[in-house]
Amino acid sequence: MVAQLSTPGSHPEPAFLAACRRQPVPHTPIWIMRQAGRYLPEYRELRSKVDFVQLTRTPDLAAEVTMQPLRRFELDAAILFSDIMTPLQGMGVSLDFEPGPVVKDPVRSDAQIDALPELVPQRDVPFVMESIRLVRANVPRGAPLIGFAGAPFTLFCYLVCGRPSKEFGAARSFLYAHPGSSERLLDKLADAMAAYLRAQAEAGAQALMIFESWAGLLGPREFQRFALRAVKRTVAGLKDVGVPLIYYANNGGSVLDQVATLDVDVAGIDWRTPLSVARRTLGPDKAVQGNLDPAALFSAPEDLRRHVDIVLEEAGPAPGHVFNLGHGIWQDTDPDAVARLVDYVHEASIRAGVGKGARA
Ligand code: CP3
């Protein structure tokens, strides 16, 4: 957790960072999961010339793609252009993006688990830290930069299953067939991600987000035993890192009471759980991030405004709301709808005076 001190005489803190710390803000800050990516013509243009992995490994290109959405829209934060699988590639895991990650040799044995090396970020993925430094030096409007990693269980799903899947059956059955080996693999991933996230903060990332994209695969008992235990280990490894931590559990409505026990500043909420319910379950010590349905960007403009009003209303007047979608933006989204969304969130939250109220 982060100290809530502000330095006298310093510039006002950016709204995104203030909201993460549940401090009053002039407007509700907004950024969008997957804001750098294929719905943007300028991304597709660059991607037509450079392969995805090459983009992630070339600091000036990764920094450029990170900043593309901030040039177009008045977004309140940037998120580093990279992938949750990038550090695993740095640990020697061979994989392709098709476009989802496909692992050449899925991890299914103790020998493979033992062979996974420790991650030394400066040695194994130095381009990530270099990209962060470039974004910090050049980002429009001085917008804060979010670093990120996959949560251990979500990485486990890709490593064990080998490819994206609706059910991740091979990964889930591995948990039941080999619980001890699963815990060992999750611990290794937890430690690697703690080192990775810390290195990003040291390079200049101003907030760190952990993506538990596959939280919804597990019942509450398995979530607690495997996913929560492992991510707690990552979070424990980040004590004193000094920047806000965000944990996003996609389809995580049934485990929000468990998320409440995680020592992070912000909980990312998907669109299936109203923010008012999330706030009640999480209590007053966490900010919330979310949670417009990505499909809502396909509404008529006046309907989109109504959907935004509902999210702002559900978040309530207390500080500690970062507006976002409930999951990543779809690649066939019209960029003009994003522009309307960003501008309207600012306008409506200023008009309503949300985020300035006393703490809940
Ligand atoms: O703008 C941003 O959010 C930053 C970049 C970012 C990417 N991936 C770029 C990317 C981030 C934060 C991620 C995280 C990520 N990657 C997650 C967690 C977030 C989530 O959506 O739940 C997951 C599960 C992955 C795994 C992954 N990588 C998938 C499923 C895919 C393909 C499908 C897709 O959504 O695009 C990728 C490849 C990938 N990662 C692309 C991008 C822009 C597309 C690659 C291309 O251009 O061909």
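Values in this document were obtained by computation on a predicted structure and should not be read as measured data. (Residues numbered from 1 in each chain as written. Predicted model: local features only at pLDDT ≥ 70, side-chain atom pairs only at ≥ 80, totals over all residues. Heavy atoms only, no water.)

A. Structural detail: the packing of aromatic side chains. If you walk through the whole model with that rule in mind, you get 10 aromatic pairs. Pairing Y158 with F168 gives two aromatic rings, centres 5.4 Å apart and planes at 85°, and the pair type is edge-to-face. Of this pair, Y158 sits in helix α9 (residues 152-161) while F168 sits in the loop between α9 and α10 (169-177); the two residues are 10 residues apart in sequence, bridging distant segments of the chain. Overall, the relative accessible area of 0% leaves F168 in the buried class. Positioned over the ring face of W271 is R272, at 4.0 Å from the centre of the ring. (Phe/Tyr/Trp six-rings, centres within 6.5 Å; stacked < 30°, edge-to-face > 60°. Helix = DSSP H or I, 4+ residues; strand = E, 2+ residues; numbered from the N terminus. Buried < 20%, exposed > 50% of the residue type's maximum accessible area, 1.4 Å probe, protein only. Lys NZ or Arg CZ within 6 Å of the ring centre and 35° of its normal.)

B. Quick look at helix α16 (residues 335-352). An ideal rise of 1.5 Å per residue puts 26 Å on 18 residues; α16 measures up with 26 Å between its terminal C-alpha atoms. Lining the buried residues of α16 we find α2 (41-47), α4 (59-72), β8 (287-292), α15 (301-315) and β9 (321-325). Just beyond α16, the residue with positive phi is G353, at close to 65°. (Expected span 1.5 Å × (residues − 1). Contact = heavy atoms within 4.5 Å.)

C. Spatial organisation of the nonpolar core. Ranked by internal contacts, the top residues of the largest apolar core, which has 134 residues, are F16, F156, Y247 and L341. The element best represented in this core is helix α11 (residues 179-203), accounting for 10 residues. Setting aside anything within four residues of it in sequence, one finds F156 in contact with C161, A171, F174, L175, S182, L185, L186 and L189. (Core = buried A, V, L, I, M, F, W, Y, C linked by side-chain atoms within 4.5 Å.)

D. A look at the site of the ligand. Around the ligand sit 22 residues, and of these R34, R38, Y43, S213 and H327 come closest. A per-class count over the shell around the ligand returns 13 nonpolar, 5 polar and 4 charged. (Near = heavy atom within 4 Å. Nonpolar A, V, L, I, M, F, W, Y, C, P; charged D, E, K, R; others polar.)

E. Broad picture of the pairing of β8. β8 sits mainly inside the fold: 6 of its 6 residues count as buried. Following the backbone out of strand β7 (residues 266-268), through helix α14 (residues 275-282) and into the adjacent parallel β8, one traces a crossover that is right-handed. Pairing between β8 and β9: 5 bridges, direction parallel. If you follow L292 over to β9, its bridge partner there is L325. Of the crossover connections in this fold, the one passing from β8 over α15 to the parallel β9 is right-handed. (Right-handed = clockwise from strand over helix to strand, strands pointing away. Pairing = 2+ DSSP bridges.)

F. Representation of unusual backbone geometry in the model. Cis geometry is adopted by the peptide bond preceding P99, which originates at E98 and carries an omega value of -10°. Structurally, the position occupied by P99 is in the loop between β2 (95-97) and β3 (101-103). A cis geometry characterises the amide bond from G290 onward to N291, with omega recorded as -5°. Locating N291 in the fold gives a position in strand β8. Even without glycine at this site, D240 takes up a positive phi of about 70°. Among the secondary structure elements, D240 is positioned in the loop between α12 (220-236) and β6 (245-249).

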